[in-house]
Amino acid sequence: MALHCAECGFVNPEGANYCQKCGALVELDGGDEPTTATYRVGETGDFVAVDLAEVADGDAALVIRTGGGRAGESFPVVGDRMTIGRRPDASVFLDDITVSRDHALLVKRGSAWFLDDCGSLNGTYVNRQRIDSQRLVDGDELQIGKYKLAFREP
């Protein structure tokens, strides 16, 4: 079954979440929300299913929705700053050439979380808009290189 984009009318293949022509969110018939299973990588390298509320432990979390074969992998937001990038010691390590070594920074200002671009070559996007700095709210979609992540708050 093909999915029609509500924005431009382009016919997308079944299973598409975003329009291949304009990038708009493709709504599923019946208003069903797409879901992503959440997991963490265990000590042995196996995937361990987890409850998102457990991951966030009362605070925020980032969940990879697509990219790098890592959909569902989650990162609890810990402390007041988290680095995101291709540097192996980054808090959120995204190993792909489309991600800069020091791509973005997730930082808490007051009681709110902000995503700051660190001068990355390919840019940082929130809800398909390129940003320099953006306050995040529950459900925001972050795009960093080829990765799309969801920001979740309890």
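Residues numbered from 1 in each chain as written. Predicted model: local features only at pLDDT ≥ 70, side-chain atom pairs only at ≥ 80, totals over all residues. Heavy atoms only, no water.

Description of the packing of aromatic side chains
Within the structure shown, the criterion is met by zero aromatic pairs. Sitting over the ring of F114, R109 keeps its end group 4.9 Å from the ring centre. (Phe/Tyr/Trp six-rings, centres within 6.5 Å; stacked < 30°, edge-to-face > 60°. Lys NZ or Arg CZ within 6 Å of the ring centre and 35° of its normal.)

Considering the confidence of the model for the chain
When pLDDT is averaged along the chain, the result is 82; 78% of the residues meet or exceed 70. Ranking the elements of the chain by mean pLDDT puts helix α1 (residues 52-56) last, at 49, and strand β13 (residues 133-135) first, at 97. Confidence drops under pLDDT 50 across residues 29-34; counting only partners more than four residues distant or on other chains, this segment forms five contacts. (pLDDT = per-residue confidence, 0-100. Helix = DSSP H or I, 4+ residues; strand = E, 2+ residues; numbered from the N terminus. Contact = heavy atoms within 4.5 Å.)

Some points on the nonpolar core
Grouped together as the largest cluster of nonpolar side chains are 22 residues, with contacts concentrated most on L62, I84, L94, L106 and L115. If you list the elements that add at least two residues to this core, you get β5 (61-66), β7 (81-85), β9 (104-109), β10 (112-117), β14 (141-144) and β15 (147-152). Among the elements that take part in this core, β15 stands out by supplying three residues, more than any other. Core analysis: the next-biggest nonpolar cluster, separate from the first, contains five residues, C5, C19, A24 and V26 among them. (Core = buried A, V, L, I, M, F, W, Y, C linked by side-chain atoms within 4.5 Å. Buried < 20%, exposed > 50% of the residue type's maximum accessible area, 1.4 Å probe, protein only.)

Some words on the pattern of salt bridges
Inspection of every chain in the model, using the stated rule, returns five salt bridges. Notably, a salt bridge pairs D96 with K146, separated by 3.2 Å at the nearest N-O pair. Placement of D96 in the loop between β8 (92-93) and β9 and of K146 in the loop between β14 and β15 is noted, with a sequence separation of 50 residues between them. Given the relative accessible area of 15%, D96 is considered buried. Taking relative accessible area as the criterion, K146 reaches 40% and is therefore assigned partly exposed. D138 is the salt-bridge partner of R152, the closest N and O atoms lying 3.2 Å from each other. Of this pair, R152 sits in strand β15 while D138 sits in the loop between β13 and β14, and the two are 14 residues apart along the sequence. (Salt bridge = Lys/Arg side-chain N within 4 Å of Asp/Glu carboxyl O.)

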